[in-house]
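Structural features, examined
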Amino acid sequence: VLFSILGECALALESLHNAAEKEKAAVLAKNEQLRANLLRSISHDFRTPLTAVKGYLQLMKKGGRIDDRDMEYLDIAIAKTEYLRVLSDAFFEVSYAEAKDEAIDIRNIDVARTLTALVLEQYEWIQESGIQAAFDIPESVVWVQSNEKVLNRIFTNFFSNARKYADTRISVCLQQDADGVSITFTNDIEADNEIDIDHVFDAFYRGNSRREEGAGLGLYVVKCLADKLGHVVSAEVKDKQFSVMLRIK
């Protein structure tokens, strides 16, 4: 009888423990969602006044009634306002990428077409920067199970990263094998130690970018979005080449 009572007590304690753990997990999930919603709301509300401020500053600059010294200050103010806009956009993007309950519609996507369309959008800055670009993308249809909008966001961040860190060259390669599809973005860098490969997907990590300021969230967002889609993202630095690859099984 004693062993029976002890057994029942143990089962009751285990049941209470499991219930407490479930309640704790539910509270944590709710708090996480509230945090994500708050961040999303703040980022959205932050964007509107920033856009207005930048617009007024640009109107002042076009007015032509400012001396050279004040024009220099005005240019700095415009640049810093634009940087704040970049930050607000980045935090808005992070709030979506980190949200756990966002349903993503997975369907057949022609990844070659999606990537080719995005490559064409990069033509202007590639020409202006003098960067040598090479693209190896099949002309045939390459089907994958993914979400075109999210995939587009990942590729855009890859291009943005290459634009900041490329020394003289970038390349994009799409390959298909029996196990899936790999999309690799590669750019040259001045030295292998320019990028800490162990932290490239960490939030707020920034290598030695020479071209523009950034929030250090681009590849972090890529990792979050890839996880949402069930894809795998990885990076490598070798012989002054930085490569980041998205693998879709």
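Each remark here, short or long, concerns the structure printed above.
Everything in this summary refers to the structure shown in the same document. (Residues numbered from 1 in each chain as written. Predicted model: local features only at pLDDT ≥ 70, side-chain atom pairs only at ≥ 80, totals over all residues. Heavy atoms only, no water.)

1. Side note on the environment of Leu50
Secondary-structure assignment places Leu50 in helix H1 (residues 2-63). When the C-alpha positions of Leu50 and Glu82 are compared, they lie 8.0 Å apart, and in sequence the two are 32 residues distant. (Helix = DSSP H or I, 4+ residues; strand = E, 2+ residues; numbered from the N terminus.)

2. Regarding unusual backbone geometry
A positive phi is found at Asp239, a non-glycine position, where the angle reads about 50°. With respect to the helices, strands and loops of the structure, Asp239 is situated in the loop between strand E6 (232-238) and strand E7 (241-248). The phi angle at Lys240 is positive, at roughly 60°, despite the residue not being glycine. Residue position: Lys240 is located in the loop between E6 and E7. For Lys240, a relative accessible area of 46% corresponds to the partly exposed category. (Buried < 20%, exposed > 50% of the residue type's maximum accessible area, 1.4 Å probe, protein only.)

3. Focus: the nonpolar core
In terms of nonpolar packing, the biggest core is built from 41 residues, with Phe155, Phe158, Ile183 and Leu246 touching the most fellow members. Sorting the residues of this core by element identifies helix H3 (111-121), helix H4 (123-129), helix H5 (148-165), strand E4 (169-177), strand E5 (180-188), helix H6 (218-229) and E7 as the ones contributing at least two each. With 7 residues, H5 is the single largest residue contributor to this core. (Core = buried A, V, L, I, M, F, W, Y, C linked by side-chain atoms within 4.5 Å.)

4. Some thoughts on the packing of aromatic side chains
Across all of its chains, the model carries 3 aromatic pairs by this definition. Where Phe159 meets Phe185, the ring centres are 5.0 Å apart and the plane angle is 85°; that geometry is what we call edge-to-face. Separated by 26 residues along the polypeptide, Phe159 in helix H5 and Phe185 in strand E5 bring together distant segments of the chain. This pair shows no difference in class: Phe159 is buried, exactly as Phe185 is. Through a chain of ring-to-ring contacts, three or more aromatic side chains come together here, namely Phe155, Phe158, Phe159 and Phe185. (Phe/Tyr/Trp six-rings, centres within 6.5 Å; stacked < 30°, edge-to-face > 60°.)

5. A short note on the side chain of Ser146
Looking at the element boundaries, Ser146 is found in strand E3 (residues 143-146). Exposure remark for Ser146: the relative accessible area of 0% places this residue in the buried category. Apart from the residues lying within four places of it in its own chain, the contact partners of Ser146 are Asp105, Ile106, Arg107, Ile109, Leu151, Leu229 and His231. (Contact = heavy atoms within 4.5 Å.)

6. Side note on H3
Those residues of H3 that sit buried are Val111, Ala112, Thr114, Leu115, Leu118 and Val119. Buried residues of H3, seen end-on, are gathered within an arc of 165° and therefore sit on one face of the element. Seen from the buried face of H3, the exposed residues on the opposite side, beyond 90 degrees, are Leu120 and Glu121. For H3, the side-chain oxygen to backbone nitrogen distance between the N-cap and Ala112 is 3.3 Å, and the N-cap itself is Asp110. (Arc of directions from axis to C-beta. Polar contact = N/O pair within 3.5 Å; in protein donor to acceptor, adjacent residues only side chain to side chain.)

7. Brief notes about the sheet that holds E4
What the 5 strands build is an open sheet, ordered E2-E4-E5-E7-E6; its pairing is mixed. Only two strands of the sheet have a single partner each, and these edge strands are strand E2 (132-136) and E6. Going across the sheet, the axis of each strand differs from the next one's by a mean of 15°, ignoring polarity. Pairing between E5 and E7: 8 bridges, direction antiparallel. Bridging across to E7, Phe185 finds its partner in Val244. (Pairing = 2+ DSSP bridges. Axes fitted to C-alpha atoms, helices over the stretch in contact; angles between N-to-C directions.)

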